[in-house]
Structure formats: C-alpha cells, structure tokens
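# Structural overview
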Amino acid sequence: MQDYLENCGGSPGRAGHGKALAAARMVYEVRDALATLFNAPSPGRLIFTKNATEAINLLLFGFLNSGDHVIVSSMEHNAVMRPLRELETRGVRLSVAPCDGCGRLDPDTVRRSLRPDTRLILVLHASNITGTLLPIGEIAAVARAAGVRFAVDVAQTAGVCPIDMQAVGIDFLAFTGHKSLGGPQGTGGLALGADVDIRPLMFGGTGSASESEIQPDFLPDKLESGTLNAVGIAGLGAAVADLAQFGVANVLAHDQKLIGLFRDGLREIPGVEVYGPANPREAVGVLSLNIGDLPCEEVGVRLERDFGILTRTGLHCAPAAHRTLGTFGRGAVRFSVSRFSTEADIQSALAAVAQLARSRC
Ligand SMILES: Cc1ncc(COP(=O)(O)O)c(C=O)c1O
C-alpha cells in the first residue's frame, strides 16, 4: 500500500498515462489472484466492493425480484438478514432453515424449505460466533437438483478454507478482505458464476464507454461504478500473495489445532460455557463462551485490561444466530485465532479465563 501511494497513486482505468495504466494493471492482477484463489470462472467476474456487506447487497438487490423466494440458514449475519428483511417489504419471500444448537445445518432441512417460487439459497460458510462450518457442497447439490441459484457468504472462511467455486457449484460468492485474507478494511468482493447476471447496485462512471450515458453491460464495469479503492486493493493483493506462500489449507489445520487446544483446556475450567460443535474439525478459528453469570461485556473489558486479550462481546451483528444458540438474551465473548496465533497465545487465554472463572467462585 505504501509502495502504491508513494510510487503510483494513479486511478485505474481513468487515464492513459503511465501511473493510471500501472494502477489498472495492479488491480487486474489482484482480481486475477482472487479469481484463482476461489476458482471463479474468470477475473472479470470478480467484482470489487468495499466489504462483504456491499457484496451481499449487490447480489440480493441485483438478483431478486418481487415474488421470489429465498432460503437462508438461522445462523446468518445481519449483512444477509437486514437486506432480506428490507426486500421482504418489497415482495421477496424468505424462509429461514433452522440450524441445531451448535449452528449445524442439515441439508435436508434446506431441501424441505424449497418451494416452486424458490430462486436462491444463501448461507454463510462458517458462523462468525461459533465457527461452525455449513455443508456447502451438499447444499449446493440441493440447489442444483432444484434448479435454484446458490450463494455463499465466505466472510469467515476466505483465506482459511480452500474454496473452489466451480467444483462446489457456487453461483455467487461474497467475501471480505479484512479478515483471514489479511487485507485492509474497505476491501471485499462478489464473485459471479459463469452463467449468472445481476443488475447493478450503483450506476456511474467506469472509465469505459464514456461516450454513453447508459451503464455498460460488460463485466466487471457494469457492477463497479466510481473510483476503486486502489490503495486497499494493492494491500489485499499483497496479503493474498503472502497467504499463497503459507497455503490456505495450512491455515485451516493450524486454526483448528489451536481451537482444539483451547476447547480441551476450557473443559477443565468450572463454570465456563462454550458454544458450538465440540469437534474442532467442524469449525473454523472462532470460539464463543460465557463465564458463570458474568456479563459478557465485563469479561471482555477485564480480558483486555488485566490480560491484554482482545475479544468481541455481545451479539456479533447476528441476532438470528444467537437465538439459534440460545444466547440471544446475554450474548457471548468471542475469541478468534489466525495463522499468526500460537499455542502460547492459547495458554495465555486459558490462564485468563481460569482466573476470571475463579473470581466468580
Ligand atoms: C459471516 C459474516 N458475514 C458478513 C460479514 C460482514 O462483513 P463486512 O463487515 O466486511 O461487510 C461478517 C463480518 O463480521 C461476517 O462474519
């Protein structure tokens, strides 16, 4: 990002001078790297947005019409639920397929929710509260058999799980850059399958076809109006290159091992309630808990103040998921690991939780 700001700074696609061309080349390379990472059909079908929320809005408002029926899981983030609740007021119909108390979704539950007017199934790949992985391969098969489009919110798994859009049969994939991809805030995107088309969320200048006042109909320009966040995209590109060196499959194994150690240790601490599946292989690297009757916000404050451990407390922008887990009333404390976390970090977290739990006895 520093290199881009100091040595380039050009606006991609907005001029013919060297700096603009260099910026356009850089943006194309990052698009290509992300399309390769997710095995999207082509770089042009990888649309940059400022986060996963914008990508999901682009998909939902651009694809759905009044009268269409959508199926989601009961673990979804408000990035999915809020646009859908808005779309319900415009005639879109919604079914929420219930997950179990650990956040797991049985594909048969999705199959049973299908209706003749179903047009889209949209699920997150992993919960942002329990890390629970949803069986996207099996749900894709349900969608395919019913002739319904399938969308996945990979905010929690991009950069953690190998994801092959074409092999799984994902028509829309929404990602954010600032989580496990390791990029900066303000980056994200929507990858489109080979044979899907959607309306733009925004209309405007694209640097292309400037003779026309009508939005271009070719990708990615059709869906990317306005100047891109080139500095953020430069950072995302560097992060994805770094991630490729480490290997995405290694991230999943690393995170699951650490969460397994954390879960094992937490089992030994009286008064701690841990949510999500007991088997760490069923989840990615986030874990939520409560300690006795301590309010989760107080736990979060004490973890930072007394131990220097930063967590996220409350309802995590996911009221539906907390209702599913039975924690809607009180929320929870979420810990997360990354490929930079170590076993020593887990031991520190366990010691901190043990001390807080003891202080309740
Ligand atoms: C599962 C899930 N979906 C969507 C989002 C929204 O991501 P963003 O803030 O990049 O829009 C998040 C962020 O926490 C998330 O965890």
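Every residue gets a number counted from 1 within its own chain, in the order that chain's sequence is written. Owing to the predicted nature of the model, reporting of local features is limited to residues with pLDDT of at least 70; listing and counting of side-chain atom pairs is limited to 80 or more, with chain, interface and lining totals taken over all residues.

## Some points on the overall build of the protein chain
Under the convention used in this document: Numbering of helices and strands runs from the N terminus, with a helix taken as a DSSP run of H or I at least four residues long and a strand as a DSSP run of E at least two residues long. Atoms counted for the radius of gyration: C-alpha only. Globule rule: 2.2 Å times residue count to the power 0.38. Any residue whose C-beta has 12 or fewer other C-beta atoms within 10 Å is treated as exposed, any with 20 or more as buried, and any in between as partly exposed, C-beta atoms being built from the backbone. Residues are defined as contacting one another if the C-beta atoms placed from their backbone atoms lie within 7 Å.
Across its full length, the protein chain holds 12 helices and 11 strands. Expected size for 361 residues packed as a compact globule is a radius of gyration near 21 Å; at 21 Å, the protein chain falls within 12% of this value. In terms of overall dimensions, the protein chain has C-alpha extents of about 75 × 55 × 35 Å along its principal axes. By residue count, 46% of the 361 residues in the protein chain fall in the buried class. Considering only residue pairs separated by 6 or more positions, the protein chain has 68% of its internal contacts joining residues 24 or more positions apart.

## So, the domain arrangement of the protein chain
Heads up, the rule is: An automatic or database domain assignment is the source of the domain bounds shown. Residue type decides the class: Asp, Glu, Lys and Arg count as charged, Ala, Val, Leu, Ile, Met, Phe, Trp, Tyr, Cys and Pro as nonpolar, and the leftover types, Gly among them, as polar.
Here the protein chain is described as being made up of domain 1 (2-246) and domain 2 (248-358). Once you take the C-alpha centre of each, domain 1 and domain 2 turn out to be 28 Å apart. If you look at the interface, domain 1 gives 29 residues, while domain 2 gives 30 residues. Contributing elements (two or more residues each) for the side of domain 1 that touches domain 2: helix H4 (78-88) and helix H8 (230-246). Across the side of domain 1 that touches domain 2, the residue classes break down as 13 nonpolar, 14 polar and 2 charged.

## A closer look at the pairing of strand S11 (residues 332-336)
Our working definition: Two strands qualify as a pair provided DSSP detects at least 2 bridges between them.
Of all 5 residues making up S11, 5 are buried, and the element is well covered by its neighbours. Side chains Ala332, Arg334 and Ser336 of S11 all project onto a buried face; the interleaved residues Val333 and Phe335 project onto the opposite face, where all are buried too. Relative to S11, strand S9 (residues 286-291) is paired through 4 bridges, and the arrangement is antiparallel. Considered in S11, the bridge of Leu287 is made with Phe335. The pairing of strand S10 (residues 312-314) with S11 spans 3 bridges and is classified as antiparallel. Within the sheet, the bridge partner assigned to Arg312 lies in S11 and is Arg334.

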